[in-house]
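Residue strings, one per chain:
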Amino acid sequence: MNFWLFKTEPDDCSIDDLAAAGGTGLPWDGIRNYQARNFLRDEVQEGDRVLIYHSSCAQVGLAGIARVIRGSYVDPDQFDPNSSYYDSKATADNPRWYCVDIAFTHKFSRVIRLAELKNRPELASMVLLRQGRLSVQPVSSQEWGVITKLAGTVS
DNA sequence: GCCAACGTTGGC
DNA sequence: GCCAACGTTGGC
């Protein structure tokens, strides 16, 4: 069982949207970055836990927790010319992009702000703080522990 | 809206 | 394979 952080713009899909989707969860699709794709395709597995990060919004930071309920499968949007995630170079025989399904588990009682994460020496090595522009990234079990403690959540 | 930091593309 | 030009992410 591994830990991850997924970024999302809450205007697009927020922790509340995930909660509204219930146990069926939502496909985490539209990832079009190779490094993120490789994590999704090769490493993210059913049962893994996911921190939900809200980006490009008023309250940037960690909003809650989800669980992977379906491991990697081919992202169908890449074949749909009407989708903004369409990729003309992807074929059924040779798909480029993958997604997973996740379901809501927990919403933090407050957003743990990016600034707060930056202030924590224990979190200095978080991928989030060291590398920009990566929307799917690993989280260590130690970092997970620090963060859930900050959130006042045991999960 | 600005802009820094990165990723991708494409000419050579 | 290098690297300049360009596009995107994402905090502020």
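Residues numbered from 1 in each chain as written. Chains lettered and ligands numbered in written order. Predicted model: local features only at pLDDT ≥ 70, side-chain atom pairs only at ≥ 80, totals over all residues. Heavy atoms only, no water.

Notes on the pattern of salt bridges
Rules: For this document, the term salt bridge refers to a Lys or Arg side-chain nitrogen within 4 Å of an Asp or Glu carboxyl oxygen. Buried, partly exposed and exposed residues are distinguished by accessible area as a fraction of the type maximum, computed with a 1.4 Å probe on protein chains only: under 20%, between the cut-offs, and over 50%, respectively.
What the rule picks out here adds up to six salt bridges. The partner of Glu 116 in a salt bridge is Arg 110, with the nearest N and O atoms 2.9 Å apart. Taking relative accessible area as the criterion, Glu 116 reaches 22% and is therefore assigned partly exposed. For Arg 110, a relative accessible area of 37% corresponds to the partly exposed category. Its salt-bridge partner being Arg 120, residue Glu 122 comes within 3.7 Å of it at the nearest N-O pair. Residue Glu 122 is classed as partly exposed on the basis of its relative accessible area, which comes to 33%.

A closer look at unusual backbone geometry
Rule in force here: A run of H or I in DSSP becomes a helix once it reaches four residues, and a run of E becomes a strand once it reaches two; helices and strands are each numbered from the N terminus.
Even without glycine at this site, Ser 56 takes up a positive phi of about 50°. Topologically, Ser 56 is positioned in the loop between β3 (49–54) and β4 (61–74). Of the residues examined, Ser 56 reaches a relative accessible area of 56% and is grouped as exposed. Phi is positive for Arg 133, close to 55°, though the residue is something other than glycine. By the secondary structure assignment, Arg 133 is in the loop between α4 (127–130) and β6 (136–139). Look at Arg 133 and you get exposed, because its relative accessible area is 79%.

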